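# Close look at the chain arrangement
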Amino acid sequence: MEVYLSENAFIGLLVSTIEVYQRECFGILLGHRESERTLVDFVVPYQSAKRKFQEVHMDWQRGQRVEEAVHAASRWELVGDYHSHPMYGEKRGTTRLSNVDLDDFRDGGTSILVAINDGHRRQRWGYVKGGLIAGSINGYLIRLAAYHKNGNAVLRVPLVCPYAVGFTAKTKGPTPVEVRPE
Ligand SMILES: [Zn+2]
């Protein structure tokens, strides 16, 4: 079992995570399931910025509505969800699942966790040990991990994204050319 991210999904995860930093983002993964892998074509952020323990039930109802809408409107399937773990004060965000994350994990579900931390060091994007993808963008260090629930066990599974590997965020565009009247 592995989780394959498209270019759109990868960029969606980065934008969603950075947009609400230092709050936690939360959203859904759309794509297709195959027997040995989950293909994530794109992601849709939920507009509620913060998930609280008491809102789990509400999130479930919302999840049902979203699932029905996705099914009715597109050829995609709802294949999982994602959220971020931002740095908070001195406490660094990690890709480890919290107890609430484990309690919320749907049977047969797939989740992507995005850890985001301040970091001034530039890090080229690539795979790191344990099936994770990591790199830097605009002064943030980001790590992504995928998890899948099989029976009662939640396992970390390899995350694959050819687009992300070797990706270096642009720091400067091409030199603009001044437009002069003819
Ligand atoms: Zn979490």
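Right above here is the structure, for reference.
Below is a short write-up of the structure. (Residues numbered from 1 in each chain as written. Predicted model: local features only at pLDDT ≥ 70, side-chain atom pairs only at ≥ 80, totals over all residues.)

Along the chain, the position of R37 falls in strand β3 (residues 37–45). C-beta crowding within 10 Å serves as the criterion here: with 16 such atoms nearby, R37 is assigned to the partly exposed category. If we skip the residues at most four places from it in the chain, R37 touches M1, E2, V3 and Y4. (Helix = DSSP H or I, 4+ residues; strand = E, 2+ residues; numbered from the N terminus. Buried ≥ 20, exposed ≤ 12 C-beta atoms within 10 Å, placed from the backbone. Contact = placed C-beta atoms within 7 Å.)

Moving on, we get to unusual backbone geometry. Cis geometry is found at the peptide bond from Y21 to Q22, where omega equals 10°. Mapped onto the secondary structure, Q22 falls in the loop between α1 (7–20) and β2 (26–33). The phi dihedral of N138 falls on the positive side, at around 45°, and the residue is not glycine.

What follows deals with the environment of Y82. As for its placement among the helices and strands, Y82 is situated in strand β4 (residues 77–86). On the basis of neighbour count, Y82 is assigned to the buried category, with 26 C-beta atoms found within 10 Å. In sequence terms Y82 and L13 are 69 residues apart; their C-alpha atoms lie 8.2 Å from each other. Setting aside residues no more than four positions away along its own chain, Y82 makes contact with L13, G27, L29, V43, S111, I112 and V114.

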